[in-house]
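Chain by chain, the residues run as shown.
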Amino acid sequence: MPYANTTHSYGAIAKGFHWLTALLILTIIPLGLIANDLAHAVRNPDIATTEADTARAALLFSLHKTIGVTIFVVALLRILWAVIQPHPKLLNGDKPAEAWLASTVHWLLYGSLVLVPLTGWVHHAATSGFAPIWWPFGQTLPFVPKDEGVAQTSATLHYILQWVLIGAVTLHILGALKHHVIDRDATLRRMLPGRTTATPTDRQPGHALPFVTALAVWAIAIGGGAAAGFFSHEHETGAETAALEAVESDWQVQEGTLDITVSQMGSVVSGTFADWTAEIAYSEEPDADGKHGNVTVTVSIPSLTLGSVTDQAMGPDYFAAETHPTATFTADILAEGDGHVADGTLTIKDQSVPVELPFTLAIDGDTATAQGALSVDRRDFNIGLGTKDEGTLGFTVDISFDLTAKRP
Ligand code: HEM
Ligand code: HEM
């Protein structure tokens, strides 16, 4: 069998690419659907799932992503090959509507082979922590920031475009069967192994109209998805981000960040609390007990964004944000060596745990800047007790802050 195409037949390389792609695509679609169902169940606090389900979802997703990236690379090579090869002429060019439909579907398939894996890959690169790609590359992508907005938009595009692909593949397979069973022509046979000779029709409609139709199908699918609200993402937990009241403080916080970091499935996931207040009393001179002052920090739990697992983190087994919407830290400020330590109690959910938070402090006139960090064990706060495996969700949670405050 010749390797290259002719105007009458597909060569071995084009056939090899075709059937390899078909195998990979017909494997990855059910994998995506099953993995996604399982992941939704795992993330839904109302559905009872086990740690084995979480591990299975991660495994299926890793497989899905690894095959998906393979499809992307194979698709690029396949398209390159198709571009430099002659294209076998149509056997049904005398039926323009049928030829238009078949050719539209081919454009949709070629486009999908690039767009579907690419949107999945961008989604993976923009989020963190869940199910790595097993190739030694591609955990991150150039120009793709770790950003929740990018992650959600690309996930929605992945979802819409994969349904266009599923529709196109279905039509494509039905078309191939129609040619074989009803028309009894050589369309399917010339894509199968072996040498098949078939005579193309004299009339050969062009590719421009099908190409424009394919573009219109994508535009309608994406536009329809947008109109149906697929791109607007609400938090599903029901826990509102109740804004905290401003506090009166000797030192008024001007700006600052409060971050947490935890390891999930072996990847580092970082999160930020957008809403928190700090009431700080501090004087440079310690009192008779050696105290420089005290601090009370109140944190709005639902204001946390934690990559793709923000909603999951709010669930009853984790922060239980609906019943425990705030966390507090109250502490005395003491000098320690060259720096300071806030020695007090951290209360998350219904658990109060003594903690020491070392921090550095620099005062310039009436402006103070401070940075500090501490590590806690999530199990001390009854967080994620259902996830006993440290590989799935690390026990240690690193908390860090950075703030600038002013004295009136
Ligand atoms: C041709 C290749 C691909 C096809 C046909 C495909 C198909 C699918 C399908 C059918 C789903 C289930 C969606 C649902 O039921 O809501 C899915 C989900 C997903 N896929 Fe793919 N996929 C492909 C490539 C990739 C690649 C390369 C990646 C990442 C590297 C990826 C990452 C994901 C992720 C993360 C989800 C879950 C999305 C979510 O949580 O909303 N996919 N994919
Ligand atoms: C069991 C599944 C499949 C069958 C029976 C099948 C059958 C065929 C046949 C008979 C052709 C030749 C059409 C012609 O000569 O005009 C063809 C072409 C094509 N197939 Fe499939 N196919 C299958 C799955 C897929 C899948 C999953 C994809 C990709 C997502 C795909 C992508 C394509 C493309 C892009 C072409 C056009 C090739 C070209 O002429 O440039 N096929 N297929």
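The preceding data block contains the structure.
On a predicted model such as this, the values are computed, not experimentally measured, just so you know.

**Notes on the site of ligand 1**
Here comes step 1: Asn 36, His 64, His 123, His 158 and Gln 162 are the nearest of the 23 residues found near ligand 1.
Here comes step 2: Secondary-structure elements contributing two or more residues to the shell around ligand 1 are α1 (12-43), α2 (51-84), α3 (96-126) and α4 (148-183).
Here comes step 3: The residue inventory of the shell around ligand 1, partitioned by class, reads 13 nonpolar, nine polar and one charged.

**Let's talk about the packing of α1 against α4**
Here comes step 1: One way to put it is that α1 packs onto α4 with a least axis distance of 12 Å and a crossing angle of 130°. Our classification of the angle between α1 and α4 gives oblique. Like other packed secondary-structure pairs, α1 and α4 cross with a definite hand, here left-handed. Across the interface between the two elements, His 18, Ile 25, Leu 26, Ile 29 and Leu 33 of α1 pack against Trp 163, Leu 165, Ile 166, Val 169, His 172 and Ile 173 of α4.
Here comes step 2: Of the residues that constitute the contact of α1 with α4, the class distribution is nine nonpolar, two polar and no charged.

**Describing the site of ligand 2**
Here comes step 1: Near ligand 2, the surroundings consist of 18 residues, among which Tyr 10, His 18, His 87, Tyr 110 and His 172 are the closest.
Here comes step 2: One of the side-chain N or O atoms of His 18 is found 2.7 Å from a nitrogen atom in ligand 2.
Here comes step 3: Side-chain polar atom of Arg 190 to an oxygen atom of ligand 2: 3.1 Å apart, as the coordinates give it.
Here comes step 4: Elements supplying a minimum of two residues to the shell around ligand 2: α1, α3 and α4.
Here comes step 5: Here the shell around ligand 2 is composed, by residue class, of 11 nonpolar, five polar and two charged.

**Brief notes about the coordination of the iron atom of ligand 2**
Here comes step 1: At 1.9 Å from the iron atom of ligand 2 lie its protein donor atoms, namely His 18 (NE2) and His 172 (NE2).
Here comes step 2: One way to put it: the six donor atoms around the iron atom of ligand 2 meet at angles of 86 to 179°, and that makes the site octahedral. With His 18 in helix α1 and His 172 in helix α4, this pair connects stretches of sequence that are 154 residues apart.
Here comes step 3: The class of His 18 is buried, set by a relative accessible area of 13%.
Here comes step 4: Under the relative-accessibility criterion, His 172 is labelled partly exposed at 25%.

**A short note on the environment of Trp 135**
Here comes step 1: Summarising the element assignment, Trp 135 is placed in the loop between α3 and α4.
Here comes step 2: Sequence separation of Trp 135 and Thr 70 is 65 residues, and the distance between their C-alpha atoms is 8.9 Å.
Here comes step 3: Non-local contacts of Trp 135, meaning those with residues more than four positions away in its chain, are made with Thr 66, Val 69 and Thr 70.

**Let's talk about the coordination of the iron atom of ligand 1**
Here comes step 1: Protein coordination of the iron atom of ligand 1 is provided by His 64 (NE2) and His 158 (NE2), with donor distances spanning 2.0 Å.
Here comes step 2: For the iron atom of ligand 1, the six donor atoms are set out with angles of 87 to 179° between them, so the coordination reads as octahedral. A residue pair is termed long-range when its members are at least 10 positions apart, and His 64 in helix α2 and His 158 in helix α4 qualify at 94 residues.
Here comes step 3: Assessed through its relative accessible area of 16%, His 64 is described here as buried.

**Quick look at the packing of α2 against α3**
Here comes step 1: Packing of α2 against α3 leaves a shortest axis separation of 9 Å and a crossing angle of 145°. Crossing geometry of α2 relative to α3 is assigned as left-handed. For the pair α2 and α3, the contacting residues are Lys 65, Gly 68, Val 69, Ile 71, Phe 72, Ala 75, Leu 76, Arg 78, Ile 79 and Ala 82 in the first and Tyr 110, Leu 113, Val 114, Pro 117, Leu 118, Trp 121 and His 124 in the second.
Here comes step 2: In the contact of α2 with α3, the residues fall into 13 nonpolar, two polar and two charged.

**Description of the nonpolar core**
Here comes step 1: Judged by nonpolar contacts, the single largest core of 45 residues is most densely connected at Phe 273, Trp 276, Ile 280, Phe 319, Phe 329, Leu 346 and Val 376.
Here comes step 2: Among the elements that take part in this core, strand β10 (residues 396-406) stands out by supplying five residues, more than any other.
Here comes step 3: If we skip the residues at most four places from it in the chain, Trp 276 touches Leu 244, Val 253, Gly 256, Thr 257, Leu 258, Val 297, Thr 298, Val 299 and Leu 403.
Here comes step 4: Counting residues in hydrophobic clusters, the runner-up holds 31 residues, among them Ile 28, Leu 38, Phe 130 and Leu 165.

Definitions and limits used
- Residues numbered from 1 in each chain as written.
- Chains lettered and ligands numbered in written order.
- Predicted model: local features only at pLDDT ≥ 70, side-chain atom pairs only at ≥ 80, totals over all residues.
- Heavy atoms only, no water.
- Near = heavy atom within 4 Å.
- Helix = DSSP H or I, 4+ residues; strand = E, 2+ residues; numbered from the N terminus.
- Nonpolar A, V, L, I, M, F, W, Y, C, P; charged D, E, K, R; others polar.
- Axes fitted to C-alpha atoms, helices over the stretch in contact; angles between N-to-C directions.
- Parallel < 35°, antiparallel > 145°, perpendicular 65-115°, else oblique.
- Left-handed = near helix turned anticlockwise from the far one by under 90°.
- Contact = heavy atoms within 4.5 Å.
- Polar contact = N/O pair within 3.5 Å; in protein donor to acceptor, adjacent residues only side chain to side chain.
- Donors = N, O, S within 2.8 Å, 3.2 Å for Na, K, Ca; no water.
- Tetrahedral: all angles 85-135°; square planar, octahedral: opposite > 155°, others 65-115°.
- Buried < 20%, exposed > 50% of the residue type's maximum accessible area, 1.4 Å probe, protein only.
- Core = buried A, V, L, I, M, F, W, Y, C linked by side-chain atoms within 4.5 Å.

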